[in-house]
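# Coordinate inspection notes
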Amino acid sequence: MYNLAIVGATGAVGKKLLQVLNERNFPIRNIHFFASSRSEGKTINFQNKNIVVETIKESSFQDIDIVFCSATNEISKKIGPMVRNAKSILIDDSSVFRMDDDVPLIVPEINPEDIDGHTGIMSIPNCTTTPLVMVLNALKEFAKIVKVNVSTYQAVSGAGSAAINELNKQLEEIVQNKKPTISVFTHQIALNAIPQVDIFEKNNYTKEEMKIVNESRKILHEDMLPISATCVRIPTAIGHCESVSVEFDEDIDLSKIIDLLSHQSGLIISDLDDILKYPTPLNTENDHNVYIGRIREDLATKKGLLFWIVADNLLKGAATNAVQIAETVILRKKIQARI
Ligand code: A2P
């Protein structure tokens, strides 16, 4: 049994973390919830106990074994050293530590052994990286990958509760013939598509696009993986989609590729028997797996493959992966159980 802390317990991912810990029967001795001062003193019912939400103090993690953080980059930066000092383990959903050499970036189905080199912090990949690498991990067994090009269609929940509220409010305002209020995104998101997720970097790619590039390389241990991305925010609530083109150094063999994809743990091909059963955000919501469909040869090159991926960004994109990391930490004996 373990003492846990959830930082950001009131947020979009935080709420899902509670759901997943409960569903997977995580061995919890006690659990503490942290959020901002706005939520201090509120109670959250978890496993039939009303638990009071606290704000973070210097001593907050002293008696904690695993801290899950899904708050903000600033909070992760602040608590990283606190968790390390407390000799606890931080499983962090922010982007601040992901590319640090001493921070494992983990998708348990792919690189669980990377956990062994941890120094108190391990990161969850970006919610678009995880589904993509689950597929690329299977495909790299087919032949050398010479090019990956991905376009994403990302739900607003990836930007937190405020973004979900913004979409709902804008939809209501549109129905009422009012001017939609814009605050979280750069443009109106309702009835729109915004080719910008996160801020721009000097190379004209967005931070989100570069997260996909750099994180995929780190997780797959392929420093030179030739990959580029275009990330687009669309007005769906939950579920990130990705349209992907992969080129190999040899002609594709669809049956071999489908066989490899079928054997990737955590990945489901949904439209093999029925072409209309391709995955969508709505039909994969609240599911812990990554779904792939529309798998076909690229008409532009015999060495190319096209496909479509969808995953619940709050679950496998965040909370489920976080809890699976914690389970892997226990499995690999990187933490001592309490009685
Ligand atoms: P709160 O609900 O009190 O604002 P989301 O990603 O849905 O926006 O959620 C962000 C999470 O991070 C929420 O739980 C939010 O708490 C929490 N958070 C924001 N600021 C802080 C802070 N200063 N300390 C701890 N948690 C914070």
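Residues numbered from 1 in each chain as written. Predicted model: local features only at pLDDT ≥ 70, side-chain atom pairs only at ≥ 80, totals over all residues. Heavy atoms only, no water.

Moving on to the pattern of salt bridges. Tallied over the full model, the rule gives 11 salt bridges. Close ionic contact of D198 with K211 constitutes a salt bridge, the shortest N to O distance being 3.0 Å. Within this pair, whereas D198 is found in the loop between α4 (161-175) and α5 (207-220), its partner K211 is found in helix α5, the two being separated by 13 residues in sequence. On the basis of relative accessible area, D198 is assigned to the partly exposed category, the value being 33%. The network of salt bridges with shared partners includes D63, D65 and R338. (Salt bridge = Lys/Arg side-chain N within 4 Å of Asp/Glu carboxyl O. Helix = DSSP H or I, 4+ residues; strand = E, 2+ residues; numbered from the N terminus. Buried < 20%, exposed > 50% of the residue type's maximum accessible area, 1.4 Å probe, protein only.)

What follows deals with the domain arrangement of the protein chain. Here the protein chain is partitioned into domain 1 (2-125 + 318-331) and domain 2 (129-155 + 193-312). For domain 1 versus domain 2, the distance between C-alpha centres works out to 27 Å. Residue-level contacts link 19 residues of domain 1 with 17 residues of domain 2. Taken together, both faces of the contact between domain 1 and domain 2 bury some 1,500 Å²; the carbon and sulfur share is 57%. The largest per-residue losses of area from domain 1 upon contact with domain 2 belong to M99, E109 and I110, which jointly make up 34% of the total buried on that side. (Domains from an automatic or database assignment. Contact = heavy atoms within 4.5 Å. Buried area = accessible area lost by both parts, 1.4 Å probe.)

Now for the site of the ligand. By nearness alone, 15 residues border the ligand, and T10, S36, R38, S39 and S161 come closest of all. Between S39 and the ligand, the recorded distance is 2.4 Å, taken from a side-chain N or O atom to an oxygen atom. Contact with the protein chains removes 75% of the 580 Å² of surface that the ligand exposes when unbound. For the shell around the ligand, a count of residues per class yields six nonpolar, eight polar and one charged. (Near = heavy atom within 4 Å. Polar contact = N/O pair within 3.5 Å; in protein donor to acceptor, adjacent residues only side chain to side chain. Areas by Shrake-Rupley, 256 points an atom, 1.4 Å probe, with all protein chains shown as cover. Nonpolar A, V, L, I, M, F, W, Y, C, P; charged D, E, K, R; others polar.)

As judged from the three bridges shared by strand β11 (residues 267-269) and strand β12 (residues 290-297), these two strands associate in the parallel manner. Within the sheet, the bridge partner assigned to I269 lies in β12 and is I292. Judged from the six bridges that link them, β12 and strand β13 (residues 304-311) form a sheet pairing that is antiparallel. Bridging from a neighbouring strand, E297 pairs with L305 of β13. Linkage of β12 to β13, two consecutive antiparallel strands, is achieved through a turn of six residues. (Pairing = 2+ DSSP bridges.)

The next thing to look at is the nonpolar core. L136, L139, V246, F248, L261 and F307 are the most contacted members of the largest nonpolar core, which totals 40 residues. Among the elements that line this core, the one with the most residues is helix α3 (residues 129-139), at seven residues. Each of two domains, domain 1 (2-125 + 318-331) and domain 2 (129-155 + 193-312), supplies a minimum of three residues to this core. Here L136 is in contact with I145, V148, L220, L225 and V246, once residues within four sequence places are set aside. In terms of nonpolar packing, the next biggest core, distinct from the first, is built from 38 residues, F26, I44, I51 and L315 among them. (Core = buried A, V, L, I, M, F, W, Y, C linked by side-chain atoms within 4.5 Å.)

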